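Summary of the model geometry
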Amino acid sequence: MLKTDSRYHHFTQILKEELVPAMGCTEPISIAYGAAKAREILGKMPDSVFIEASGNIIKNVKSVIVPNTNGLKGIEAAAAAGIVAGKAQKVLEVIRDVTPEEKSAISSFLKSCDIRVAPDERDVVFAITITLRAKQDTVRLRIEDYHTHIVLIERNGVEILKNGKVSVQSESLTDRSCMSVESIYDFATTCDLDDVKEMIDRQIQDNYAIAQEGMRGSWGANIGKVIKTTCGSAIQYRARYMAAAGSDARMSGCELPVIIVSGSGNQGITASVPVIEYAKELNVNRETMLRAVLLSDLLTIHIKTGIGRLSAYCGAVIAGCCAGAGIAFLHNGGLYEISHTLVNSLAIVSGLICDGAKPSCAAKISASVEAGIMGFHMIQCGQQFRGGDGIITKGVENTIRNVGRLGRLGMRETDKEIIRIMTDHV
């Protein structure tokens, strides 16, 4: 793809928007970011905090540990961390630099401050509204659609949002309609790596580092270690257990940053770590590894766009299938092999539910990576699932549209039921 092609700029801009560092699960970190920003505008510590959150936010914050809080969980803990110790200018690394004294202060604030949480009654997928009060002063801030998208700030009832945005992070996302498997393959194989190298290099460094930590320490249910112990270290297992280990650590409060993809650290880990492992196994050069990870990232973004940021469809499924496509690329697979790897793997695991961020995400990641690898091995052996097999339709883009329809529309009631089960409203 030539740089003069308008899509070239779109792809580089999409990567800049998507491949950003985050510490901890992105939903609680989004709350911490909003709370830190609201506290900054309030200019003092609040006496009371009121948070309204859509069901998917509640689902994804309920069971995951917030980093740098001494093991605290939940919306209240995320907000308290942002208010007490957050630095809003660091966006999704808002609570990266927290001192031991601040960790104690977070716990004290939770005990002393009136913090209330309520569901957002609107029919929206992604919404967080934070209201801080300190005597006569009030700040109200709302985040919608994605994790850094501040759409409203009011101080004492007066809107102070300027030109519809507060910062560069609040701008609308670049149009994704230019994306297709073919155009992504073209970009990944021909782009000037200098335009993307810094972003992909950091993803490889940070996401592999948290995977290594997941294998070193004891995190969550230690799914990575379970796979290694029971299956061994052959590459098809190593790709699974290293990706799972990254999620083991991340879901359990590890304080290492992750480069996210489509708003998710688990997706960022899953799209990259298996590809990195195969690149090491095959001893490919650095350029080939970078292009394979780039391909996996962009395919994940493309497919996930049709589903939406949050839904009942587990996003790790998409990233695991796209990692399989990256692995196909490392084996000199072209557009044909990559397309059929995606279709094969999506046929295997589409419909795996998202019931929030928690330790079992690591096991779902392992299953998704296994499906991605199986999808690649199938086409290696001349086998494929064909149009008419379930949700599979002839043509990779048609199948991707079906998956988007399933996740965005078909699983809408499933999502509501999951949230009801998780919040005991049954």
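The structure presented is a predicted model; accordingly, all values stated were derived computationally and were not measured.

**Focus: the environment of Phe329**
Along the chain, Phe329 falls in helix α12 (residues 315-330). Taking the C-alpha atoms as reference points, Phe329 and Val293, 36 residues apart in sequence, are found 9.5 Å from one another.

**A short note on the environment of Lys394**
Relative to the assigned elements, Lys394 resides in the loop between α14 (361-380) and α15 (396-410). The exposure class assigned to Lys394 is exposed, which follows from its relative accessible area of 71%. Measuring from C-alpha to C-alpha, the distance between Lys394 and Val343 comes to 9.3 Å, with 51 residues separating the pair along the chain.

**Overview of the packing of α12 against α14**
In the contact formed by α12 and α14, the axes pass within 7 Å of each other and the chain directions differ by 35 degrees. Read as a crossing pair, α12 and α14 show a hand that is right-handed. Touching Ala316, Val317, Gly320, Cys321, Gly324, Ile327 and Ala328 of α12 are Ile365, Ser368, Val369, Gly372, Ile373 and Phe376, all from α14. In the contact of α12 with α14, the residues fall into 9 nonpolar, 4 polar and no charged.

**Describing the sheet that holds strand β7 (residues 158-159)**
Spatially, β3-β2-β4-β5-β6-β7 is the arrangement adopted by the 6 strands of the open sheet, whose pairing is mixed. With partners counted over all chains shown, the strands left at the sheet margins are β3 (114-119) and β7, one partner each. Two elements, strand β6 (residues 150-155) and β7, share 2 bridges in a ladder whose sense is antiparallel. Residue Arg155 lies in a different strand from β7, and its bridge partner there is Val158. Packing against the sheet, helix α2 (residues 26-42) makes contact with β4 (127-134), β5 (137-144) and β6, and its axis sits at approximately 150 degrees to β5. Here helix α4 (residues 75-85) sits on the sheet and contacts β2 (48-53), β3 and β4; the angle it forms with β2, its principal contact strand, is near 125 degrees.

**Brief notes about the pairing of β4**
The buried count for β4 comes to 7 of 8 residues, which makes it a mostly enclosed element. Direction of pairing for β2 relative to β4: antiparallel, over a ladder of 6 bridges. The residue bridging Ala53 from the neighbouring strand is Ile128, located in β4. Two elements, β4 and β5, share 8 bridges in a ladder whose sense is antiparallel. Its bridge partner lying in β5, Thr129 is registered against Arg142. In sequence, β4 turns back onto β5 through a hairpin of 2 residues, with Lys135 there showing a positive phi of about 55 degrees.

**Some thoughts on the environment of Glu102**
With respect to the helices, strands and loops of the structure, Glu102 is situated in helix α5 (residues 100-112). Using a relative accessible area of 21% as the deciding quantity, one classes Glu102 as partly exposed. For the pair Glu102 and Asn68, spaced 34 residues apart in sequence, the C-alpha to C-alpha distance is 9.0 Å. The contacts of Glu102, once residues within four sequence positions are left out, are Val84, Ala85 and Asp97. Within polar-contact distance, the side chain of Glu102 engages the backbone nitrogen of Thr99 at 2.9 Å.

Definitions and cut-offs
- Residues numbered from 1 in each chain as written.
- Predicted model: local features only at pLDDT ≥ 70, side-chain atom pairs only at ≥ 80, totals over all residues.
- Heavy atoms only, no water.
- Helix = DSSP H or I, 4+ residues; strand = E, 2+ residues; numbered from the N terminus.
- Buried < 20%, exposed > 50% of the residue type's maximum accessible area, 1.4 Å probe, protein only.
- Axes fitted to C-alpha atoms, helices over the stretch in contact; angles between N-to-C directions.
- Left-handed = near helix turned anticlockwise from the far one by under 90°.
- Contact = heavy atoms within 4.5 Å.
- Nonpolar A, V, L, I, M, F, W, Y, C, P; charged D, E, K, R; others polar.
- Pairing = 2+ DSSP bridges.
- Polar contact = N/O pair within 3.5 Å; in protein donor to acceptor, adjacent residues only side chain to side chain.

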